[in-house]
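Chains, contacts and geometry: an overview
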Amino acid sequence: MKKWYIANFKMSKEVESEQSIVNYAEKFIPLVEDVEDNVVICAPYIHLSEAVAQFIDTDVLVGAENCAMWEAGAYTGEISAAMLDKAGVKVVILGHSERRNYFGEDNTIVNKKLTLALKYGLIPVVCLSFETEDAFKETLKDQLDSVLKDVSADENVVIAFEPTFAIGTGKALGKEEVKQFTKQIKDQLKDKGYDFPVLYGGSVKPDNAKDFIVEAGADGLLVGGASLDPEKFAEICTCAKD
Ligand code: 13P
């Protein structure tokens, strides 16, 4: 199975201007030319068209960081899954813990977004979020039951787990913990008849990426801070080589 390396730029200072996307692509594209895994750049809405233009002749996919829970209509300020599809976007991150914590998104909302993303042919990266290890064990089944409600096993869905204490703190999980969490999620998915890839996110850097992929068996990585530097993110995308 191809691994997934997904950049989540968020609302970072480094990507305020459109030119920053152009500069990023210029540096990043030659560094990942030979990568056969799935490489995705998730950019703020306002830069998606530029990102699609920059990566058009490459294997790098462009993703959004969110989409609306409604299909279309009078929802001022929202962006629909259909709009993303028409803009050439292929992937969408859904239910990130920042969306859950700052915008009140719950599993029911994430499920609505997921259903629309699939309807419009986008690959959803569904984030599972938890604050402690105990919370992970307690909420995992419920989170999966609700976010994946009515999702059929042959859909193209990516699952990512990100403990909130590991996001942007430099306190990544250890490889043993990533291994355990990955296995628990995969087991639960299997019980439901799913075989979706399971990604880890939370303070992933070039120096810990390989452990998570090669030793912990994660199917990929969701990367925030380190993805803003094209060289660092390219190192992460090539971490499992040789
Ligand atoms: P950091 O890599 O900055 O910890 O962010 C992780 C994340 O939230 C990716 O979605």
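Above this text you will find the structure in question.
Presented here is an overview of the structure given in this document. This one's a predicted model, so the numbers in the text were calculated from it and none came from an experiment.

1. What to know about the pattern of salt bridges
- Under the counting rule described, the total for this entry stands at 11 salt bridges.
- In this structure, Asp150 and Lys149 form a salt bridge, with 3.7 Å as the shortest nitrogen-oxygen distance.
- Exposure remark for Asp150: the relative accessible area of 74% places this residue in the exposed category.
- Residue class for Lys149 comes out partly exposed when judged on its relative accessible area of 49%.
- What you see here is one network of salt bridges that share partners, running through Arg99, Glu105 and Lys113.

2. Some remarks on the site of the ligand
- Residues in close proximity to the ligand total 13 residues, the closest being Lys10, His96, Gly168, Ser203 and Gly225.
- In the model, an oxygen atom of the ligand is placed 2.9 Å from a nitrogen or oxygen of the Gly224 main chain.
- Here Gly225 contributes a backbone N or O atom positioned 2.8 Å from an oxygen atom of the ligand.
- Surface burial for the ligand is 97%, taken as the share of its 310 Å² of free accessible area covered by protein chains.
- A breakdown of the residues in the shell around the ligand according to their chemical character gives four nonpolar, seven polar and two charged.

3. Here we look at the sheet that holds strand 6 (residues 158–163)
- Read around the closed barrel, eight strands run 1-2-3-4-5-6-7-8, paired in parallel fashion. Neighbour-to-neighbour, the strand axes of the sheet open up by a mean angle of 25°, direction not taken into account.
- Pairing of strand 6 with strand 7 (residues 198–201), which is carried by three bridges, proceeds in the parallel orientation. Directly across from Ala160, in strand 7, lies its bridge partner Leu199.
- Across the sheet, helix 8 (residues 206–215) touches strand 1 (4–8), strand 7 and strand 8 (220–223), and the angle it forms with strand 8 is around 145°.

4. Structural notes on the pairing of strand 7
- Both faces of strand 7 are covered, namely the face carrying Val198 and Tyr200 and the face carrying Leu199 and Gly201.
- Note that the unit made of strand 6, helix 7 (residues 175–191) and strand 7 has a crossover that is right-handed.
- Across three bridges, strand 7 lies against strand 8 in parallel orientation. Across the sheet, the residue bridging to Gly201 is Leu222, located in strand 8.

5. Focus on the packing of helix 5 (residues 107–119) against helix 6 (residues 133–147)
- Relative to each other, helix 5 and helix 6 sit at 40°, their axes nearing to 8 Å. Taken as axis vectors, helix 5 and helix 6 run oblique relative to one another. Where helix 5 crosses over helix 6, the handedness of that crossing is right-handed. Contacts between helix 5 and helix 6 involve Asn107, Val110, Asn111 and Leu114 on the former and, on the latter, Asp142, Gln143, Ser146 and Val147.
- A class-by-class count of the residues in the contact of helix 5 with helix 6 yields three nonpolar, four polar and one charged.

The rules behind each value
For every chain, the first residue of the written sequence is number 1, and numbering continues from 1 onward in sequence order. pLDDT decides what is reported in this predicted model: residues at 70 or higher carry local features, side-chain atom pairs at 80 or more are listed and counted, and totals for whole chains, interfaces and linings draw on all residues regardless. By convention in this description, side-chain values take in all heavy atoms of the structure and omit both hydrogens and water. Any Lys or Arg side-chain nitrogen located within 4 Å of an Asp or Glu carboxyl oxygen qualifies as a salt bridge. Here's how the labels work: a residue is buried when its accessible area is under 20% of the maximum for its type, exposed when over 50%, partly exposed in between, all with a 1.4 Å probe on protein chains only. Here, proximity means that at least one heavy atom of the residue falls within 4 Å of the molecule or strand. Pairs of N or O atoms are called polar contacts if they sit within 3.5 Å, as long as, within protein, a hydrogen donor faces a hydrogen acceptor (for residues adjacent in sequence, only side-chain-to-side-chain pairs). Accessible surface is estimated by sampling points in the Shrake-Rupley manner with a 1.4 Å probe; for residues, cover comes only from the protein chains shown. For this classification, the nonpolar set comprises Ala, Val, Leu, Ile, Met, Phe, Trp, Tyr, Cys and Pro, the charged set comprises Asp, Glu, Lys and Arg, and every other residue, Gly included, is treated as polar. Pairing between strands is defined by DSSP: at least two bridges between the two strands are required. By the criteria applied, helices consist of DSSP H or I runs no shorter than four residues and strands consist of E runs no shorter than two, each listed in order from the N terminus. A fitted line through C-alpha atoms represents every axis, and for helices the fit uses only the stretch in contact; the resulting angles, taken between N-to-C directions, go from 0 to 180 degrees. Note on contacts: a residue pair qualifies if any of its non-hydrogen atoms lie within 4.5 Å across the two residues. Note on handedness: a clockwise path from strand one over the helix to strand two, with the strands aimed away from the viewer, defines a right-handed crossover. Roughly parallel here means an angle under 35 degrees, roughly antiparallel means over 145, roughly perpendicular means 65 to 115, and every remaining angle is called oblique. Crossing handedness is read from the near helix: turned anticlockwise from the far helix by less than a right angle, it gives a left-handed crossing, and turned clockwise, a right-handed one.

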